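Okay, here's what each chain looks like letter by letter:
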Amino acid sequence: MPHSSGDHPPFPTRADADTRMGAAAVPARGGGSGIAARAQAAMRPAAAPAPYLNGLNPEQRLAVESLDGPVLVLAGAGTGKTRVLTTRIGHILASGRAYPSQILAVTFTNKAAREMKERVGQLIGEGAEGMPWLGTFHSICVKILRRHAELVGLKSGFSILDTDDQIRLIKQIIQAEGLDDKRWTARAFASLLDGWKNRGLTPDQVPEGEARAFANGRGRSLYEQYQERLSILNAADFGDLLLHVITLFKQHGDILKEYQRRFAYMLVDEYQDTNIAQYLFLRLLAQGNTNICCVGDDDQSIYGWRGAEVDNILRFEHDFPGARVIRLERNYRSTRHILAAASHLIAHNEGRLGKTLFTDVVDEAEEDMPVTVAAVWDSEEEARAIGDEVEALQAKGHSLESMAILVRASFQMREFEDRFVTLGVNYRVIGGPRFYERMEIRDAMAYFRCVVQPADDLAFERIVNTPKRGLGDASLKLVHAYARANRIPLMQAAQDLCHTEELRPKARNTLRNLLADFDRWRDQLASGMSHTDLAEIVLDESGYTEMWRADRSAEAPGRLDNLKELIRSMDEFESMTGFLEHVSLVMDRDGQAEGEKISLMTLHSAKGLEFDTVFLPGWEEGLFPHQRAVDESGRAGLEEERRLAYVGITRARRRAKIWFASNRRIHGMWQSTIPSRFLDELPADHVEVQEPSRSYGGYGGSGYGASRFDTSDPFQSSYSTPGWKRAQRAAGSGAAGGSGGGFAGRMGSDERRKTGGPRTIEGELVAKSVADEPSAFNIGERVFHLKFGYGAITGIEGNKLTIQFEKAGRKKVLDSFVERH
DNA sequence: CAGTAGGCACTTTTT
DNA sequence: GTGCCTACTG
C-alpha cells in the first residue's frame, strides 16, 4: 500500500500529548476509545486511508504498513515503539490480512504482553481474548508443548520448575554423584545449565571443552542426569520450555509446518533481548513464512549477562535475507539536552547499528534544563542532597510520581530509603523479590502442588518438615532411598514406608498423619470444594498459618498478609491447576499503586519506563561501570554498562541529574572512588556541572577532609571549572594522588589482564580486596585517612585494617587508603 | 532434631 | 555491614 506524505501531520501530536500529560510512572498509553472507534470504522469497507494511521510519523507508518517479508524496526528510546507494534497488529487485522489467531506476537515480560493486549484491545475494539498467541516466549512455548508433550518425553500435565526447585534438584544430583558440593556448587551448575539452554544446546550439543570444565569433566553427564530426573518428575525448567519446542520443531517437520502455516504474521518486541534459543525458535518459524517483524533497540540491550545476544539484532539483515530496516529516530519523550547527552554517550560504543535521535520536545514550564552532574563527598551526602532536591521539586508543585531514582546495584537503595523515611517522603521500590518468590508463598504453593500432583517430589520435600514436625534428615533419607530404589514418587514411598518398621515410630506416625491430610484434601477437592476454600483449609490444617502466627519476628505479620492475598488472588482462576500454571509462568504481581510516591529501582528495571525527573546517583568507576562487568567481559562488558547509562538517561523527560561520590562503602569498607568515565563521555554543551554544596566535605565542615581531598585529587578540584574534562584526562595519565589503586590506561584495550603484576585493566580503580602480600602497616601505627582523618591501627587482616579514628570512631578500611603519619 | 555461631560473598533479573 | 548458609553442639 503506497502512502502519500500529505495525509498526516508532520508532527504527530497525539504521541506528543501523551508524553506531556503523563506524570505517571508508566509508559505513555496510546489512544483511548477514540482510536478504537476509528479502528472499527476502518474495518468497514472504505476507500479512505485507515484513520488509525493518522497520528503516525512517516517512519512509524512505514513500519506499520510494511507487512510483507522480514522487517527490523530499530526503535530508539522514546520513539513510539509500542505504538508501532500495536498499530501494526491493528492494521493486519483491519485490512483483513489475518485473523487474530493467526498472529504470533511475542514479548519478553508478562507486563509487556499485558500492555500490548490492552492496547490492541483498545485499537480493535474488543477484548484481548481474540489474540491467543500474544504472550511471552515462555507462555507461548508452554502452549505449544502442552499439545505435543509426549514427543519430548513429557506428559501434557507437566509442571514448571522455578529456580528454587531447580537448585535443589541439581544439588541432589551433585551429591548423588559424590562430588564436593562446595567446590562444585549447585548454583554454579545452574547458571552453566542456563547458559547452555539459552544457547539452545541439548546435552549432546554442549561443546566438549565447556562440558569438561565442570566437576572434573562430568558436566555433560550431570546435564543428562538432570534432564532424566526432570522427565521422571514430569517437569520442565524455564529453559526447557524453549529448548523442547526447538527440538520438537526440528524433529517433527509436520508439526513445524503446521505452526508455520498458522502464524501468518509474527511480531517480536525487544528483539535485542532475545537469546539464541529464542532466535532459533523464531528462525524455524520464519523459514516457512517470512512475515516477521522484530522491534528493538541495540543501544538498549542490557541483558547480555543472562544470555541475550545483541548479535541477533546486529545480524538481522544477514539472517533474514531481503529484510527491510526501518529506523525510528524521532523522540517524543525527552528534551534536546537529555537526548544529546544520551546520544553522545552511546556514540562511544563500537558494536552498534547507529541511530541519530532528534526531538522537538521543549519544556515550556521551565527553561530547558541541561543534564546536571554533581559531586558529593560520600553516599550519605548523596542521599541527603537528592532528598533535598526531591523536596524542592515537590515544593515547586512536581509530583513524586514524576520522579525516580535509578541505581546500578540494589545495595545503593538502602541509603535512599533511610533518607526518605527520615524526611517522610513516600517511596516505592520497584523490582526486588517478587510476590511469588517469597518464602511463604512458595511454601503455600508447594502444599497446593502436592495436593494436585502427588508425584511432585520437589514440592513435597519443601514442605514435609515445614512447619517443623520432627521429620529431619534421617527420616527423609530413608524415604529418598526407598523412592529412588523403587523409582516411585516420594509421597508414595512414604506411604509404603509407613507400613514397615524402618522408620522410627514417632516419625512414622507424623508422616502417616501428613499423608492422611493430603488424601483428605484431595478428596475434598475432588468432591467439589472450591479451590480457594481448600487452600485455606490446607494452610490451616497443616499448621502452616499457625507457624507464622506464632512467629515473633517482624516479618511474620506481613507474611500472613501475603498468604491472605494469595488466597484472594486464587479467586480469579477456575481451578487449582489453572492457578498453579499461571503462577509458574507469571511471577509478577501488579498493584501497590496507591498513594503518591517516588520510585526507587535499578537501572535494569527502569527499562521501558519514563519520568519527568530522573536522579542517577553513583556514577563512579567500579560501581558504574561496574568493576565486575569490566573484569569478566572486557570491552563487551563495558559497552553493556554504557548502554545501561544510556537507558538511565533516556528515562528522563525533563530533568536528568547525575551524581557521584568521592567515598563509598563497598563490602563494608570505605573506599575512595573517582568519577565514572561515562561522565567524560557526556557532551559539555549539554551538561551543567553543579558547584559542590556547602556541606561538601562532610563531618559538619570540620574541613580536615576537604582541604586534604582537594589537593590530593587533581580531578576533583578542577571538575567544577570549564576545563574539567581536560583535567580529568590529565588525572588519567598522571599520578592518581592518594586515592589509591593504579590508574592504568583509561579506556584501554579489551585485552585480558597481562600475566603477572597487579590487576590494572581498563582503569582498575577499586583496590583489590584480597591481600597478595602482608600489609606494610603495624598495629599501633598512627595513620591518616581521607574520609576519617587521623587514627591508630588496632587490627590487621591481610590488607584490611581496623582503625580507631580520633573523630570517626572504629572503622575497617583497606590499607591502600591510609598513609603513615 | 533443632537452634545458634562463625564463615563467606557481595551486580544486574525475567520466565 | 549484613545476610545467608553450614557446621557444630545441646
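The numbers attached to residues start from 1 for each chain and follow its sequence in the written order. A letter from A marks each chain and a number from 1 marks each ligand, given out in the order of writing. The predicted nature of this model means local features are confined to residues of pLDDT at least 70 and side-chain atom pairs, given and counted, to a pLDDT of 80 or more, with totals for whole chains, interfaces and linings taken over all residues. Heavy atoms throughout the structure, all of them, feed into the side-chain values; hydrogens and water do not.

1. Points about the packing of helix α6 (residues 137-148) against helix α11 (residues 238-251)
- Following both chains from N to C, one finds α6 and α11 inclined at 55 degrees, their axes separated by 9 Å at the closest point. Classed by the angle they form, the pair α6 and α11 counts as oblique. Considering the relative orientation of α6 and α11, their crossing is left-handed. When α6 is examined against α11, the residues Phe-137, His-138, Cys-141, Val-142, Ile-144, Leu-145 and His-148 are found in contact with a partner set consisting of Phe-238, Asp-240, Leu-241, Leu-242, His-244, Val-245, Leu-248 and Phe-249.
- Polar here means any residue outside two lists: the nonpolar Ala, Val, Leu, Ile, Met, Phe, Trp, Tyr, Cys and Pro, and the charged Asp, Glu, Lys and Arg; Gly therefore counts as polar. When its residues are assigned to classes, the contact of α6 with α11 shows 11 nonpolar, 3 polar and 1 charged. Fitted lines through C-alpha atoms serve as axes, helices being fitted only where they are in contact, and the angles separating the N-to-C directions of these axes extend from 0 to 180 degrees. Counting from the N terminus, the helices are DSSP H or I runs at least four residues long and the strands are E runs at least two residues long. Roughly parallel here means an angle under 35 degrees, roughly antiparallel means over 145, roughly perpendicular means 65 to 115, and every remaining angle is called oblique. In a left-handed crossing the near helix is turned counterclockwise from the far helix by less than a right angle, and in a right-handed crossing that turn is clockwise. When checking whether two residues touch, look at their non-hydrogen atoms; a contact exists if any pair is within 4.5 Å.

2. Quick notes on α6
- To estimate how far a helix should reach, multiply one less than its number of residues by 1.5 Å. Between the first and last C-alpha of α6 there are 17 Å, a value that for 12 residues agrees with the 16 Å anticipated at 1.5 Å per step.
- Three exposure classes are used, based on accessible area relative to the maximum for each residue type with a 1.4 Å probe and protein chains only: buried under 20%, partly exposed in between, and exposed over 50%. When α6 is considered as a whole, its buried residues turn out to be Phe-137, Ile-140, Cys-141, Val-142, Ile-144, Leu-145 and His-148.

3. Points about the protein's contact with DNA strand B
- As a structural note, the neighbourhood of DNA strand B is formed by 31 residues, with Arg-408, Ser-410, Arg-434, Thr-602 and Arg-628 the closest of them.
- Working definition: residue near molecule or strand if any one of its non-hydrogen atoms lies within 4 Å of it. When the atoms of DNA strand B within 4 Å of the protein are grouped by moiety, sugar and phosphate amount to 60% of the total.
- In this structure, Ser-410 approaches DNA strand B through a side-chain N or O atom, which is 2.3 Å from a phosphate oxygen.
- Whenever a nitrogen or oxygen atom comes within 3.5 Å of another N or O atom, the pair is scored as a polar contact, on the condition that within protein one atom can donate a hydrogen and the other can accept it, and that pairs from neighbouring residues in sequence are kept only if both atoms are in side chains. Backbone polar atom of Gly-470 to a phosphate oxygen of DNA strand B: 3.2 Å apart, as the coordinates give it.
- Mapped by element, the contributors of at least two residues to the surface near DNA strand B are α21 (473-486), α28 (603-606) and α29 (627-650).
- In terms of residue count, the dominant contributor to the surface near DNA strand B is α29 (4 residues).

4. Overview of helix α4 (residues 81-94)
- Under the 1.5 Å per step criterion, the end-to-end length of α4 is 20 Å for 14 residues, consistent within 8% with the ideal 20 Å.
- Within α4, 13 of the 14 residues are buried, leaving the element largely enclosed by the surrounding structure.
- Positive phi shows up at Gly-96, right after α4, with a value of about 70 degrees.

5. Section: the domain arrangement of chain A
- As annotated, the domain borders come from an automatic or database domain assignment. Once the domains are mapped, chain A shows domain 1 (50-158 + 238-328), domain 2 (159-233), domain 3 (358-426 + 595-690), domain 4 (435-589) and domain 5 (781-820).
- Between the C-alpha centres of domain 1 and domain 4 there is a distance of 38 Å.
- On the domain 4 side, the residues contacting the 10 residues of domain 1 number 7 residues.
- Interface area for domain 1 against domain 4, summed over the two sides, is near 540 Å², with a carbon-plus-sulfur share of 46%.
- A side-chain nitrogen of Lys or Arg and a carboxyl oxygen of Asp or Glu constitute a salt bridge if their distance falls within 4 Å. The tally of links between domain 1 and domain 4 comes to 1 salt bridge.
- In this structure, the salt-bridge partner of Arg-146 is Glu-581, at a minimum N-O distance of 2.3 Å.
- The interface formed by domain 1 and domain 4 includes 3 residue pairs in polar contact (both at pLDDT 80 or more).
- Among the secondary structure elements, those contributing two or more residues to the side of domain 1 that touches domain 4 are α5 (110-124), α6 and α11.
- Among the elements that line the side of domain 1 that touches domain 4, the one with the most residues is α6, at 4 residues.
- Class assignment for the residues of the side of domain 1 that touches domain 4 results in 3 nonpolar, 4 polar and 3 charged. Each of two parts loses accessible area, computed with a 1.4 Å probe, when they are put together; buried area is these two losses added.

6. Quick notes on the nonpolar core
- Counting residues in each nonpolar core, the largest one holds 48 residues, and the members touching the most others are Phe-448, Phe-460, Leu-511, Phe-518, Leu-566 and Phe-579.
- In terms of residue count, helix α19 (residues 439-452) provides more of this core than any other element does, 8 residues in total.
- If we ignore the near neighbours within four places in the chain, the residues touching Phe-448 are Ala-535, Val-538, Leu-539, Leu-566, Met-570, Met-576 and Leu-580.
- Counting 46 residues, the second-largest nonpolar core is a separate cluster that includes Cys-141, Ala-236, Leu-248 and Ile-292. By nonpolar core we mean a set of buried residues, namely Ala, Val, Leu, Ile, Met, Phe, Trp, Tyr and Cys, connected to one another through side-chain atoms within 4.5 Å.

7. Comments concerning a negative patch on the surface
- Patches in this entry comprise residues that are over 30% relatively accessible and not in a salt bridge; like charges within 9 Å are linked, as are nonpolar side chains (Val, Leu, Ile, Met, Phe, Trp, Tyr) within 5 Å. Under the convention used here, a 1.4 Å probe and the Shrake-Rupley method define accessible areas, while residue burial counts only the protein chains that appear. Residues scored as charged are limited to Lys and Arg (positive) and Asp and Glu (negative), so that His and the chain ends carry no count. By convention, the point assigned to a charge is CZ for Arg, NZ for Lys, CD for Glu and CG for Asp. Side chains of Asp-533, Glu-536, Asp-540, Asp-571 and Glu-572 sit close together on the surface and give a patch of like negative charge.
- Topologically, Asp-540 is positioned in helix α24 (residues 531-541).

8. Section: the pattern of salt bridges
- If you walk through the whole model with that rule in mind, you get 50 salt bridges.
- Across the pair Glu-610 and Arg-333 runs a salt bridge, and its minimum N-O distance is 2.8 Å. Of this pair, Glu-610 sits in the loop between α28 and β15 (611-616) while Arg-333 sits in the loop between β9 (330-331) and α16 (336-346), and the two are 277 residues apart along the sequence.
- With relative accessibility at 4%, the residue Glu-610 sits in the buried group.
- Residues joined in a network through salt bridges with shared partners are Lys-81, Asp-269, Glu-270, Asp-273 and Lys-607.

9. Structural notes on unusual backbone geometry
- Look at the link from Thr-466 to Pro-467: it is a cis peptide, with omega at 0 degrees.
- The omega torsion across Phe-624 and Pro-625 is 5 degrees, close enough to zero to call that bond cis.
- Relative to the elements of secondary structure, Pro-625 occurs in the loop between β15 and α29.
- In this structure, Ala-215 takes a positive phi of about 50 degrees despite not being glycine.
- Residue Ala-215 is classed as buried on the basis of its relative accessible area of 0%.

10. A word on the sheet that holds strand β3 (residues 134-136)
- Strand pairing is assigned whenever DSSP detects at least two bridges linking the two strands. Pairing is parallel across the open sheet formed by 6 strands, whose spatial order is β3-β2-β6-β7-β1-β8. With partners counted over all chains shown, the strands left at the sheet margins are β3 and β8 (324-328), one partner each. With direction set aside, neighbouring strand axes in the sheet form an average angle of 15 degrees.
- Across 5 bridges, strand β1 (residues 71-75) lies against β8 in parallel orientation. Following the sheet pairing, Val-73 is matched in β8 by Ile-326.
- The strands that α4 touches are β1, β2 (103-107), β6 (265-268), β7 (292-296) and β8; relative to β6, the one it contacts most, it runs at about 170 degrees.
- Sitting on the sheet, helix α13 (residues 276-286) touches β2, β6 and β7, and the angle it makes with β6 is about 160 degrees.

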